[in-house]
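Summary of structural features
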Amino acid sequence: MAESCENSAKVQLIKQGAEGKLYIGTYRGTRCLVKERFEKKYRHPALDRQLTRQRIKAEQKAFQRCATAGLLTPALYGADLEERKIYMEYLEKSRTAKDFIDELTASSPDAMDSPQLRKLAEKIGYVVGVLHRNNLVHGDLTTSNLLLDPVEKDAEDLLFPYRLVTIDFGLSHFSDNNENKGVDLYVLERAILSAHSQLPGLFAIILKAYRVHNTNNCQETIAKYEEVRARGRKRTMVG
């Protein structure tokens, strides 16, 4: 169990959503990022406690599976089930992939031709491909849940000197179901079309890299993705 040691005077709230809040705190004297799942008053307290525990444990397992698969996440320091908190590494110099893409498109009318954008898209395809190859469904794939952490020394790639770090596994789960993975891809596509509508070719580059790196029933997953996509389009047309 984690030692809950935040000083309320030093807590800095970063984000608050429907599921919880994210803030900068401390863990055993180390500055860190704290994710707290607050109580849902509309649920029975026992059910709420059970669901919260299950989701925190699932998130911990997702960190472990990513590490086993060779994918980067913030370091997991610990969790406190009673306090409903997860303590993890705070990557102070990182920024979201969304912010990076927005800056590129703001500075260049031809951002789609940018080698940096292509490199980022290929890295995203690699990350999602490896997740699915290892039967890990993220559940909330967006460019806001991918961080670019600068590599300050001995960067192998001078064009793109960043580590791509995956975050927010609150909806993740372990599954070998191809439809679940197809939905994961569809969620990512919709997120990109919504956040980066000026870059219609971005997801195609991601999907091309995904095909290379997901060697676990990739064609079946793509087929399920296309089915989910078709259903989504039909709902949009019907209203």
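Residues numbered from 1 in each chain as written. Predicted model: local features only at pLDDT ≥ 70, side-chain atom pairs only at ≥ 80, totals over all residues. Heavy atoms only, no water.

1. Looking at the environment of Lys-40
Which entries qualify depends on this criterion: Helix numbering and strand numbering both begin at the N terminus, where a helix is a DSSP run of H or I of at least 4 residues and a strand a DSSP run of E of at least 2. What makes two residues a contact is simply this: any of their non-hydrogen atoms within 4.5 Å.
Along the chain, Lys-40 falls in the loop between strand S3 (30–36) and helix H1 (45–69). When the C-alpha positions of Lys-40 and Thr-52 are compared, they lie 9.5 Å apart, and in sequence the two are twelve residues distant. Not counting the four nearest positions on each side in its chain, Lys-40 is found in contact with Ala-18, Glu-19 and Asp-48.

2. Some details on unusual backbone geometry
The condition is simple: Buried residues are those whose accessible area, probed at 1.4 Å on protein chains only, stays under 20% of the maximum for their type, while exposed residues exceed 50% and partly exposed ones sit between those limits.
Non-glycine residue Arg-84 carries a positive phi angle of around 65 degrees. Following the sequence through the fold, Arg-84 ends up in the loop between strand S4 (76–80) and strand S5 (85–88). With relative accessibility at 15%, the residue Arg-84 sits in the buried group.

3. A word on the side chain of Asn-214
This is how the line gets drawn: Two N or O atoms form a polar contact when they lie within 3.5 Å of each other; inside protein one atom must be a possible hydrogen donor and the other a possible acceptor, and for residues adjacent in sequence the pair counts only when both atoms belong to side chains.
Among the secondary structure elements, Asn-214 is positioned in the loop between helix H5 (202–213) and helix H6 (218–238). Here Tyr-210 takes part through its side chain, which lies 2.8 Å from a polar atom of the side chain of Asn-214. At a separation of 3.0 Å, a polar atom in the side chain of Asn-214 contacts the main-chain amide nitrogen of Asn-216.

4. Overview of the pairing of strand S2 (residues 21–27)
Here is the rule: We call two strands paired when DSSP finds no fewer than two bridges between them.
Judged from the four bridges that link them, strand S1 (residues 12–16) and S2 form a sheet pairing that is antiparallel. By the bridge assignment for S2, Gln-16 is matched with Lys-21. What sits between the antiparallel neighbours S1 and S2 is a turn of four residues. Sheet topology places S2 next to S3; seven bridges connect them, and they run antiparallel. Counterpart to Leu-22 in the pairing with S3 is Lys-35. Taking the residues that link successive antiparallel strands as the turn, the S2-S3 hairpin has two residues, and the phi of Arg-28 there is positive, at about 50 degrees.

5. As for the sheet that holds strand S8 (residues 146–150)
This is how it is decided: Axes here refer to lines fitted to C-alpha atoms; in helices the fit is confined to the stretch in contact. Angles between the N-to-C directions go from 0 to 180 degrees.
Overall, antiparallel pairing links the three strands, which are arranged S6-S8-S9 in an open sheet. Looking along the sheet, the strands with just one partner apiece sit at the ends: strand S6 (95–96) and strand S9 (162–166). Judged from the five bridges that link them, S8 and S9 form a sheet pairing that is antiparallel. Paired with Leu-148 across the strands is Leu-164, a residue of S9. The sheet strands contacting helix H3 (residues 115–133) are S8 and S9, and the helix crosses S9 at an angle near 40 degrees.

6. A short note on the packing of aromatic side chains
Definition in use: A pair of aromatic rings is counted whenever rings of Phe, Tyr or Trp (Trp by its six-membered ring) have centres within 6.5 Å, and the orientation is called stacked for planes under 30 degrees apart, edge-to-face for over 60 and tilted otherwise.
Enumeration over the complete set of coordinates arrives at seven aromatic pairs. Centroid distance Tyr-27 to Tyr-87: 5.1 Å. Interplanar angle 40 degrees. Geometry classified as tilted. On the criterion of sequence distance, the pair formed by Tyr-27 in strand S2 and Tyr-87 in strand S5 is long-range, its members being 60 residues apart. An identical accessibility class is assigned to Tyr-27 and Tyr-87; each is buried.

7. Here's the deal with the nonpolar core
Across soluble globular proteins, you tend to see nonpolar side chains buried next to one another. Just so we agree on the cut-off: By nonpolar core is meant a set of buried Ala, Val, Leu, Ile, Met, Phe, Trp, Tyr and Cys residues that side-chain atoms within 4.5 Å join together.
Core analysis: the biggest nonpolar cluster contains 47 residues, and Leu-120, Ile-124, Leu-148, Leu-188 and Leu-202 have the highest contact counts within it. Per-element accounting of this core gives the leading share, eight residues, to H3. Each residue touching Leu-188, except ones within four places of it in the same chain, is listed here: Ile-124, Val-128, Leu-141, Thr-142, Phe-203 and Ile-206.

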